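Below, each chain spelled out in residue letters.
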Amino acid sequence: MDLFWALACLFCAAVNDFLFKRFKQKKSATGAFAALIGFVWLGIMLPGVSGFAKDLPDSCLLGISSGVLSIAANLLLITSMKYQSAGVSATVYRLNLAAVALGAWMLFEESLNGLQFLGIATALAAVLSFFPWKERNNRGSRIGLVLALGAALLRAAMALCYKQSLMNGESSSGLLFWNSLCWIGGGILWYLALERDLPPVSGALVLYGFCSGILVFGIVLTMTQALAHGKANIVVPIAQMSFVVTFLLGGLFLRERFDPLKIAGAVLGTGGILLLSCA
């Protein structure tokens, strides 16, 4: 069952990243889109809130902290896809696993072996391979890469908040509840600050927002189940390989180009994640 749930998480993440790219091709408000995802997420959780309501005060601080990091990371990821391919943005974002491993080593004194340090170096090499060194005038590609890298670092900080919360014995359901509220509030603030000239509601926004909301919750649910049935150093790397599927979806449906450096980056990213799983 652990393999099933890990692959389900991979599928949800890959399709969701693809939807992010498709949505960003529309002239719709990213902030309103993110807020709708939060509403869908909250709506799925509300029927069971009585079971974890007592845990909400204890999980408030880290729940809001991780939620702010989560919505900020995803807003940057979506924005990066305005300038970069879905495959590149998704790969850089999923390589947040390297920053998580390094952060856990520094903050929680978790051990890292030689292969895992090599995995961190390989992940960095993957990011560097995506940099448009020969495209002097392609400022957009550079912006997209920097935004995706910023999103990955914020996502890693969110994961470290999760770890601290779970070490404190706090409820994971409480964390996710606070996270959904942060998506709603963060999306609304992003819209009011940066996108007031765009309509807050459109057909594309509702369709993509509703589908993505279900997928975002699906990522959380399937990862939780995968971790419950299997070992973290096996199921997490499998789930993080979602960028490979996103690369393929981008090539098949969006006609994104696979030049040698992008292929090298995807291969290095895959190698980096595999090395990081060598506990």
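Residues numbered from 1 in each chain as written. Predicted model: local features only at pLDDT ≥ 70, side-chain atom pairs only at ≥ 80, totals over all residues. Heavy atoms only, no water.

### Focus: the pattern of salt bridges
Using the following cut-off: Between Lys or Arg on one side and Asp or Glu on the other, a salt bridge is scored when a side-chain nitrogen of the former is within 4 Å of a carboxyl oxygen of the latter. For the purposes of this entry, the term helix denotes a DSSP run of H or I that reaches at least four residues, the term strand denotes a run of E that reaches at least two, and both are numbered from the N terminus. For the exposure calls, accessible area comes from a 1.4 Å probe over protein chains only, and a residue counts as buried if that area is under 20% of its type's maximum, exposed if over 50%, partly exposed in between.
Inspection of every chain in the model, using the stated rule, returns two salt bridges. Aspartate 17 is the salt-bridge partner of arginine 94, the closest N and O atoms lying 3.1 Å from each other. Within this pair, whereas arginine 94 is found in helix H4 (residues 86–94), its partner aspartate 17 is found in helix H1 (residues 2–24), the two being separated by 77 residues in sequence. The pair formed by arginine 94 and aspartate 17 is uniform in burial state, with each residue classed as buried.

### Section: the packing of aromatic side chains
The condition is simple: Think of it this way: a Phe, Tyr or Trp ring, Trp meaning its six-membered ring, pairs with another when their centres are within 6.5 Å, and the plane angle makes it stacked under 30 degrees, edge-to-face over 60, tilted otherwise. In this analysis the charged atom, NZ for Lys or CZ for Arg, is taken to sit over a ring once it is within 6 Å of the ring centre and within 35 degrees of the ring normal.
Counted under the stated rule, the structure contains 10 aromatic pairs. With 5.8 Å between their ring centres and 65 degrees between their planes, tryptophan 41 and tryptophan 183 make a pair best called edge-to-face. Within this pair, whereas tryptophan 41 is found in helix H2 (residues 30–45), its partner tryptophan 183 is found in helix H8 (residues 172–194), the two being separated by 142 residues in sequence. For tryptophan 41, a relative accessible area of 2% corresponds to the buried category. Judged by centre distance (5.2 Å) and plane angle (90 degrees), the ring pair of tryptophan 105 and phenylalanine 117 falls under edge-to-face. With tryptophan 105 in helix H5 (residues 96–107) and phenylalanine 117 in helix H6 (residues 114–130), this pair connects stretches of sequence that are 12 residues apart. In this structure an aromatic cluster arises from ring pairing among Phe20, Phe23, Phe33 and Tyr208. The residue whose ring lies beneath lysine 163 is phenylalanine 108, and the NZ or CZ to ring-centre distance is 6.0 Å.

### Topic: the packing of H6 against helix H12 (residues 260–276)
Going by this rule: Structural elements are reduced to axes, namely lines fitted to C-alpha atoms, with helices fitted over the stretch in contact, and the angle between N-to-C directions of any two is expressed from 0 to 180 degrees. An angle counts as roughly parallel when it lies under 35 degrees, as roughly antiparallel when it exceeds 145, as roughly perpendicular when it falls between 65 and 115, and as oblique in every other case. The hand of a helix crossing depends on one turn: near helix anticlockwise from the far one by less than a right angle means left-handed, and clockwise means right-handed. By definition in these notes, contact holds between two residues if any of their heavy atoms fall within 4.5 Å. Asp, Glu, Lys and Arg are counted as charged, while Ala, Val, Leu, Ile, Met, Phe, Trp, Tyr, Cys and Pro are counted as nonpolar; the rest, among them Gly, fall into the polar class.
At a minimum axis separation of 8 Å, H6 and H12 run at an interaxial angle of 160 degrees. As summarised for this structure, H6 and H12 are arranged roughly antiparallel, according to the angle between their axes. H6 and H12 meet at a crossing whose hand is left-handed. Of H12, the residues touching H6 (which contributes Leu115, Gln116, Leu118, Gly119, Ile120, Thr122, Ala123, Ala125, Ala126, Ser129 and Phe130) are Leu261, Lys262, Ala264, Gly265, Ala266, Leu268, Gly269, Gly271, Gly272, Leu275 and Leu276. Per-class residue counts for the contact of H6 with H12 are 13 nonpolar, eight polar and one charged.

### Some points on the side chain of serine 277
Selection criterion: Two N or O atoms form a polar contact when they lie within 3.5 Å of each other; inside protein one atom must be a possible hydrogen donor and the other a possible acceptor, and for residues adjacent in sequence the pair counts only when both atoms belong to side chains.
Relative to the elements of secondary structure, serine 277 occurs in the segment after H12. Polar contacts involving the side chain of serine 277 include one to the main-chain carbonyl oxygen of leucine 274, which spans 2.5 Å. With residues near it in sequence (within four places) discarded, serine 277 still touches Asn233 and Pro237.

### Re the nonpolar core
One broad trend across soluble globular proteins is that nonpolar side chains are buried collectively. Stated formally: By nonpolar core we mean a set of buried residues, namely Ala, Val, Leu, Ile, Met, Phe, Trp, Tyr and Cys, connected to one another through side-chain atoms within 4.5 Å.
In this structure, Phe20, Phe33, Trp41, Met45, Val92 and Phe177 are the most contacted members of the largest nonpolar core, which totals 66 residues. With 10 residues, H1 is the largest single contributor of residues to this core. Beyond its immediate chain neighbours, meaning those up to four positions away, methionine 45 contacts Phe52, Ser173, Leu176, Phe177 and Phe217. Phe108, Ala156, Ala159 and Leu160 belong to the second-largest nonpolar core, a separate cluster that totals six residues.

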